[in-house]
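Structural characterization, general
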Amino acid sequence: MKNINKETLKMAANKLMFDMSEEQYNHLLNEFDVIVSQMNLIGKIEGVDNATPMTFPFDVTSTKLREDVATTPLDRDVALRNAKDVVDGQIRLPRVVK
Amino acid sequence: MEYMNKSLTQIHNALIKGEVTPLELVKEAIEKAKKDDNNAFEYICEKEALEAVKKLDESNKDSLLWGVPVVIKDNYSTKDIPTTASSNILNGYVPVFSAEAVIRLEKAGAIVIAKTTMDELAMGGSGTTGHLGVTYNPWDKSKTRIVGGSSCGSAAAMASGIVPIALGSDTGDSVRKPASYAALVGFKPTWGRISRFGLFPFATSLDHVGYFSRNVYDSAYLLNVLAGHDDKDFSSSFKEVNDYTSKINEGVINKRIAVIKGIIDSIKDKTVLASFDESINYLKKQGATVDVVEIDINLLKSIFPTYVIISCAEATSNNANLDGIKFGNRIEGESFEEVMMNTRTNGFSPLIKRRFVIGSFSLMRENQDELFVRAQKCRRMIVDAFNKVFEKYDAIYCPASPSIAPLIKGSSDTLSDEYLIADNYMAFGNMGGYPSITLPIGFENNMPFGANLTCKPFDEANLFSIANEIEKGTGLKDLVAKEGR
Amino acid sequence: MEFEAVIGLEIHVEMKTKSKMFSSAPVTFGSDPNTQINPIDMAFPGTLPQVNKQAVINAIRVSHALNMKIDNLVVFERKNYFYSDLPKGYQITQQFRPIGSDGYLTIQTSQGEKRIGIERLHMEEDTCKQLHSWDFSLLDYNRAGIPLIEIVSLPEMRSGEEAAKYVEKIRSIVTFLDVSDGKMEEGSLRCDVNISLREKGSTKFGTKVEIKNLNSINNIQKAIDFEISRQSIILEFGGHIEQETRRFDEGSKETVLMRVKTDAVDYKYFTDPNIAPIKLSKEFIEEAIKSSPELAESKLKRYKELGLNEYDSSLLIADKDISNYFDSGLKSGCSAKLLANWVIGDVQSCLNKDGESIKAFPVSALSLGKLILLVEKNEVSNKQAREVFAKMIETGKEANELVKEMGLSQVSDTGELLSIIKEVIDANPQSVIDYKAGKDRAIGFIVGQVMKKTQGKANPALANKLILEEINRR
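Residues numbered from 1 in each chain as written. Chains lettered and ligands numbered in written order. Predicted model: local features only at pLDDT ≥ 70, side-chain atom pairs only at ≥ 80, totals over all residues.

Examining the overall build of chain A
Definition in use: Each helix is a run of H or I in the DSSP string that is no shorter than four residues. Each strand is a run of E no shorter than two, and both are numbered from the N terminus. The quantity called the radius of gyration is restricted to C-alpha atoms. Its globule counterpart is 2.2 Å times the number of residues to the power 0.38. Residue burial is a threshold on neighbouring C-beta atoms within 10 Å of the residue's own C-beta, all placed from the backbone, with 20 or more meaning buried, 12 or fewer meaning exposed, and counts in between meaning partly exposed.
Counting secondary structure elements, chain A contains three helices and two strands. At 23 Å, chain A has a C-alpha radius of gyration far larger than the 13 Å of a compact globule built from 98 residues. Across its three principal axes, chain A shows a C-alpha extent of roughly 55 × 45 × 25 Å. Across the 98 residues in chain A, those meeting the buried criterion constitute 27%.

Thoughts on the interface of chain A and chain B
Worth spelling out the cut-off: Throughout, a pair of residues is in contact if the C-beta atoms placed from their backbones lie within 7 Å. Gly is placed with the polar residues, together with every amino acid not listed as nonpolar (Ala, Val, Leu, Ile, Met, Phe, Trp, Tyr, Cys and Pro) or charged (Asp, Glu, Lys and Arg).
With 44 residues of chain A in contact, the opposing surface of chain B contributes 60 residues. Within the residue set of the side of chain A that touches chain B, elements represented by two or more residues are helix 1 (6-15), helix 2 (22-43) and strand 2 (90-94) of chain A. Its residues assigned to classes, the side of chain A that touches chain B comprises 30 nonpolar, eight polar and six charged.

A look at the packing of helix 10 (residues 297-318) of chain B against helix 12 (residues 350-363) of chain B
Pairs of packed helices are described in terms of their axes, by the angle between the two and the distance that separates them. All names here are of chain B. To keep it simple, the criterion reads: Where helices are involved, their axes are fitted lines through C-alpha atoms of the stretch in contact, as for all axes, and angles between N-to-C directions lie from 0 to 180°. Here is the rule for angles: anything less than 35 degrees is roughly parallel, anything more than 145 is roughly antiparallel, 65 through 115 is roughly perpendicular, and the remaining ranges are oblique.
Where helix 10 contacts helix 12, the axes come no closer than 7 Å and their chain directions differ by 95 degrees. As summarised for this structure, helix 10 and helix 12 are arranged roughly perpendicular, according to the angle between their axes. Side by side, helix 10 and helix 12 meet where V308, I309, C312, A313, A315 and T316 of the first sit next to R355, F356, I358, G359, S360, S362 and L363 of the second. Partitioned by chemical class, the residues of the contact of helix 10 with helix 12 number eight nonpolar, four polar and one charged.

Some words on the environment of W191(B)
Considering the arrangement of structural elements, one finds W191(B) in the loop between strand 5 (185-188) and strand 6 (208-213). As for W191(B) and M431(B), which are separated by 240 residues in sequence, their C-alpha atoms are 9.3 Å apart. Non-local contacts of W191(B), meaning those with residues more than four positions away in its chain, are made with P57(A), H208(B) and G433(B).

A few points about helix 4 (residues 100-107) of chain B
For helix 4 of chain B, every residue scored as buried is listed here: E100(B), A101(B), V102(B), R104(B) and L105(B). Buried residues belonging to helix 4 of chain B abut strand 2 (69-73), strand 3 (111-116), strand 4 (166-170), strand 6 and helix 7 (216-226) of chain B.

So, the nonpolar core
What counts is decided by this rule: When buried Ala, Val, Leu, Ile, Met, Phe, Trp, Tyr and Cys residues are joined through C-beta atoms within 7 Å, the set is termed a nonpolar core.
Within the largest apolar cluster, 290 residues are counted, with the highest numbers of intra-cluster contacts made by V70(B), I113(B), A159(B), V163(B) and V193(C). Among the elements that make up this core, the one with the highest residue count is helix 10 of chain B (eleven residues). With residues near it in sequence (within four places) discarded, V163(B) still touches M4(B), A29(B), P69(B), V70(B), V71(B), I113(B), A157(B) and M158(B). Of all hydrophobic cores here, the second largest spans eight residues; its members include V424(C), A458(C), A463(C) and I467(C).

Description of the sheet that holds strand 9 (residues 136-140) of chain C
What holds strands together in a sheet is hydrogen bonding between their backbones, with the strands either parallel or antiparallel. Defined as follows: By the convention used here, strands pair only if DSSP detects at least 2 bridges between them.
Pairing within the open sheet is antiparallel, and its four strands lie in the order 1(A)-2(A)-9(C)-8(C). At either end of the open sheet lies a strand with only one pairing partner, and these are strand 1 (86-87) of chain A together with strand 8 (129-132) of chain C. Of the strand pairs in this sheet, strand 8 of chain C and strand 9 of chain C are connected by four bridges, and their pairing is antiparallel. Its bridge partner being in strand 9 of chain C, L131(C) is matched across the sheet by L138(C).

Thoughts on unusual backbone geometry
All names here are of chain B. Backbone torsion omega between G149 and S150 reads 10 degrees, so that peptide bond is classified as cis. Relative to the helices and strands, S150 is located in the loop between strand 3 and helix 5 (152-159). Despite not being glycine, N254 has its phi angle at roughly 70 degrees, a positive value.

Things to note about the pairing of strand 7 (residues 112-125) of chain C
Residues and elements named next belong to chain C. Where strand 6 (residues 100-109) meets strand 7, nine bridges bridge the pair, whose relative direction is antiparallel. Paired with G100 across the two strands is L121, which belongs to strand 7. Connecting strand 6 to the antiparallel partner strand 7 that follows it, the hairpin turn spans two residues.

Here we look at the domain arrangement of chain C
The condition that has to hold: Start and end positions for the domains come from either an automated domain assignment or a database one.
What the domain assignment lists for chain C is domain 1 (3-279), domain 2 (294-405) and domain 3 (414-473). Centre-to-centre separation of domain 1 of chain C and domain 3 of chain C, based on C-alpha positions: 70 Å.

Considerations on the interface of chain C and chain B
Each side of the interface is counted separately: chain C has 25 residues, and chain B has 33 residues. Looking at the side of chain C that touches chain B residue by residue, the class counts come to 15 nonpolar, six polar and four charged.

Some remarks on the sheet that holds strand 4 (residues 77-80) of chain C
Taken in spatial order, the three strands make up an open sheet running 5-4-15 (chain C), and their pairing is antiparallel. Unpaired on one side and paired on the other, strand 5 (90-93) and strand 15 (270-271) of chain C mark the two borders of the sheet.

What to know about the pairing of strand 10 (residues 147-153) of chain C
On a regular strand, one side chain projects to one face of the sheet and the next to the other, so that they alternate. All names here are of chain C. Along strand 10, five of the seven residues are buried, which leaves the element largely enclosed by surrounding structure. Across five bridges, strand 1 (residues 3-14) lies against strand 10 in antiparallel orientation. Residue pairing in the sheet places H12 in a bridge with E150 of strand 10. In this sheet, strand 10 lies alongside strand 7 in antiparallel orientation, the contact comprising seven bridges. The residue of strand 10 that forms the bridge with L121 is I151.

What follows is the structure in structure tokens.
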């Protein structure tokens, strides 16, 4: 597992596009102590390593797909009404450098 | 005459007899909402509600919800009504569509009068972390106790007698825990039973539409209105919808109920245990078999950490759309990265950010096996263990909280080992997608506490009939926190 | 030292379904910005993905055409990353269980036939389109959510030519299956190249360079050929290859550095819990394949069976719409060979002249077939048919109608023609004598006279035959 320290946590936060205060990183370090020790305990539960990972609460397999029929799209003004910076019917951002 | 502190049936009868009109009900609810001092509301939709009353469809008068004011947790998309999920990042967001659950309520004649406060993005259990601050427990007039979360505003609005029905959402116990603290019936159905379309996701595989009512019958009735497949939700079930009220009085003769030993053992509060025992004795007297059943204590202890890892992991992805570009409270910057960075740094509270880091860290390539995948494996073990109990028993029954509502001071939503089982076990209901209901069973120092009943997937009818019997035994229903109590 | 190139391709194909991969917003090209979207495409909170059936059918069909194993359980994962063009902050894709796996296709190169292995084919969704100006970028969500198929080859190609043939074949498959327009210039087929060099005979892989922004099959070949020589020179002089992303510069015909690759991005994949796994029944998969439009290869075979030569057949299948046009023309019952000549010749040259697509061509294939039938029945001559064809393009009228209007129908009535022939022969007895004396040319004179009398409408073949018969009778 990746080393958990302030730097790796800060990197993880920045990859999620936000930053936190020093105090919060310390707080988070303490929380990770709790989590990692709890997860280590879980690792010791008999049979856990052989269990199949569960995504859905029970077997939810379905056979239904959506028919390929187009419906009326949103009115452009409605679609964009929540965007803060709109120019010529498009959302504006500072230039995206590729 | 007040009506908003009554049950659906009582209000409906008054409407039918012409004692009161929908408009008067809406006015009563809005007046009360305006006077609320528990921080229950994000937004009171007075204008919209008064418009909606005018448009009520008379042909729908048989519906118990017809003309009845309701409130909606602020994580349901409501068309043209501001929706923030109590997060600053969504300040100013006005959705362009309504959640399926809201649409079904409105079709049944309900009138939405307000959006309620919640823990920010539903990621908390105390009702203290929303952007409007602490939501108080109406049962405690000194305003020193939490009402619980994350559906805090909905619980507070119910307990204050402002509306008879409130929509909440339940990812770990976010409806069922506050119900315990506020003397309400709190219910979440089988995963996939009610469409999640329009519910802001916290942790998709654990998220459930849930709600509060004043009694078990209203809860069953409401499921009739909300349940059923929705093409817009690819996890919603095709199973047919029953009339969930039809078996409500069938009693508990020959029904088998399991009490989980490790959970009971983790509870120390004697008043809670005494009331719980009393309700068990009543169930036995009515013909039910009640056994204490063991589940590996390590599995019970693992429920919470498993829940934390899975829910935080899914949450960090689910909320990645909140970047200020398409909607929400954008904060400008020199580049798109800066726009996202500024928006998200300012928009989320420290608690939320910590949870996102936990979730993201769990999903990283080099950590996934030991954190996220291990949690998913443990989820399987936990669900298998409870499924095994359901092979022999109709229901699992335990106290819904280890005590009455805690004091605000000291409840912080920081992750800790304290009350590891008793305070967090109800998340097994989300992991297994089981239908689950909390209902009041007693009081301590005038503060309520409840018990929780859980059945196997799609066994809601059975759940309501057993819960109804428990309610008969306690006589605790249609409760509202009284002024000056 | 001799080097060998190791080339693998990742191809993204934009589908032309009616609605998007996970939303029912329309898929259109060239609409006004942000007019083809619904709340799902904007990632408004609470929206959920709804899997498009036709997209799944398309993926099955392409997988089948690429000889792949088809997974009967459809599961989607989330690929998590932040970018300005990614509305949800994750892309829904199929990381762990691609719908198609372990396939191949066969290409014809100057070195002969070669089989290229294909690792996987999966479904995913497109991002929104960004328009960059000098100080800001504009976002158009019309493209957000359009279904994509990604096809990942094994690193089994060795030259620019092989890569070009491979892409050509994929393009033919997705266009013939009606899955996509397959237009590289317009971005409905996008190709990224991974290329490394190694000493010939070695089994180890060299450092991989990625080439992006390739907007034509020609450029793929040029970019690879350039890259092979660039890397060869570096290696030859003892240098080493940087792991980097390059793009092809159209002006200089060279690849240029875009960015040096740092650590591989961690996309934190996990199964999307919003989409319950979808089980595809055996019948569903079989039906998708059975009802699949005909591939170029199969058409080629069929055309040869109709008696067309290799060259004509391959011209017809070079373009799906042309071959579809040809196929509908066949329904008229006309000769396949004649039809092929017309389509490849007259029709194509009209199209080339006007730069039009065959879909907009004013003469339907069936109408063309009917014109050809008239030629076959000797009702009009080839020369006349071309005049009629020109009029058909102009007026949109049917051939038989125009033939009447233009007064073109040939005199093919034996009795009528014979009496004219008798008249002409009676008036020119010397010709008969000349012919019988061995002067074959005398026949030409008679024919000319008959044509003159009929104002050119006599069916030449029939006239010839009848004249000979009549002379011999005398």
